[in-house]
Amino acid sequence: MSQIEPNSRPFTVLVEGNIGSGKTTFLNHFNKFEDVCVLAEPIDMWRNCKGHNLLGLLYEDIKKWSFTFQSYVQLTMLQQHLRKTACPVKLMERSIYSARICFVEKMKQDNLISHAAAAVIDKHFQWIKENTDLKVDLIVYLRTDPQTVYDRMIKRNREEEKTVSLDYLQALHQIHEDWLYHKTIFELPAEVLVLNANLDKSVINEEYSKFEPLILNKKLSVQA
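Remember, predicted model here, so these are calculated numbers, not experimental data.

Further remarks concern the overall build of the chain. For the chain, the count of helices and strands is 10 helices and five strands. Its C-alpha atoms give the chain a radius of gyration of 17 Å, near enough to 17 Å, the size a compact globule of 224 residues would have. Referenced to the eigenvectors of the C-alpha coordinate spread, the extents of the chain come out at roughly 45 × 40 × 35 Å. When each of the 224 residues of the chain is scored for burial, the buried share is 46%. Within the chain, contacts between residues at least 6 apart in sequence are counted, and of these 75% link residues at least 24 apart. Summed over all atoms, the accessible surface of the chain reaches about 11,700 Å², with 50% contributed by carbon and sulfur. Within the chain, the 29 negative side-chain charges are centred at a point lying 2 Å from the centre of the 28 positive side-chain charges.

Printed below as a string of structure tokens:
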């Protein structure tokens, strides 16, 4: 396994996209490389915060628990960003950026958290950005149609996703589009590689293989 120097920072890639966009499939594809550290969303931590299942509480009463849950998500995603690895490449499923830009923003739009609560989370977010090393080298946007991800979600039948509507997915898709594709809202911490994640699972890995050099930091431009 190739390793980096103790004080070096790994080439850091954020894997972003809607619910059902294929982030797990993408991470599994790159997990086969020994030089890559893959960090999935820390769902187990969300299910056990000193014995409290914050994810479960969120689905039981989303308005009551949105602020608590999203505050903890921000903390756990910060821990992912700061987690040390001997591998020269680190892939993260989502990030502290999408937690704030996509999900807190959506909760604010839906009046699930007050503007005051969102301001508190944003204050924490801004302080973290100014005082910690959140440097990112590349964002991979798994771009999908809302209907496609809705159909996938229905098919996989996860318990926590049963209340997610097509309207919600469409709204979340639009935030991702405005941030990562149109680049009209918020700042981007790195260049964005947009991949067509509507493709069927039978061919998607072949598509991802085309971009392995870029994602493994062997090419310098997303135009490659």
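Having seen the structure, we can now continue with the description.
Moving on, we get to the pattern of salt bridges. Under the counting rule described, the total for this entry stands at 12 salt bridges. A salt bridge links arginine 9 to aspartate 137; the nearest nitrogen and oxygen atoms lie 3.0 Å apart. Here the residue arginine 9 occupies a position in the segment before β1 (11–17), and aspartate 137 occupies one in the loop between α6 (115–131) and β4 (138–143), the gap between them amounting to 128 residues. Across the pair glutamate 161 and arginine 158 runs a salt bridge, and its minimum N-O distance is 3.7 Å. Because the salt bridges share partners, they merge into one network encompassing Arg100, Glu105, Lys108 and Asp122.

This prediction gives the chain a mean pLDDT of 92; 94% of its residues lie at or above 70. Here residues 1–6 is a poorly scored stretch, pLDDT under 50, and it has 14 contacts once near neighbours within four places are set aside; other chains count.

Thresholds, definitions, all that
- Residues numbered from 1 in each chain as written.
- Predicted model: local features only at pLDDT ≥ 70, side-chain atom pairs only at ≥ 80, totals over all residues.
- Heavy atoms only, no water.
- Helix = DSSP H or I, 4+ residues; strand = E, 2+ residues; numbered from the N terminus.
- Rg over C-alpha atoms; globule rule 2.2 N^0.38 Å.
- Buried < 20%, exposed > 50% of the residue type's maximum accessible area, 1.4 Å probe, protein only.
- Contact = heavy atoms within 4.5 Å.
- Areas by Shrake-Rupley, 256 points an atom, 1.4 Å probe, with all protein chains shown as cover.
- Lys, Arg positive; Asp, Glu negative; His and termini not counted.
- Charge placed at Lys NZ, Arg CZ, Asp CG, Glu CD.
- Salt bridge = Lys/Arg side-chain N within 4 Å of Asp/Glu carboxyl O.
- pLDDT = per-residue confidence, 0-100.

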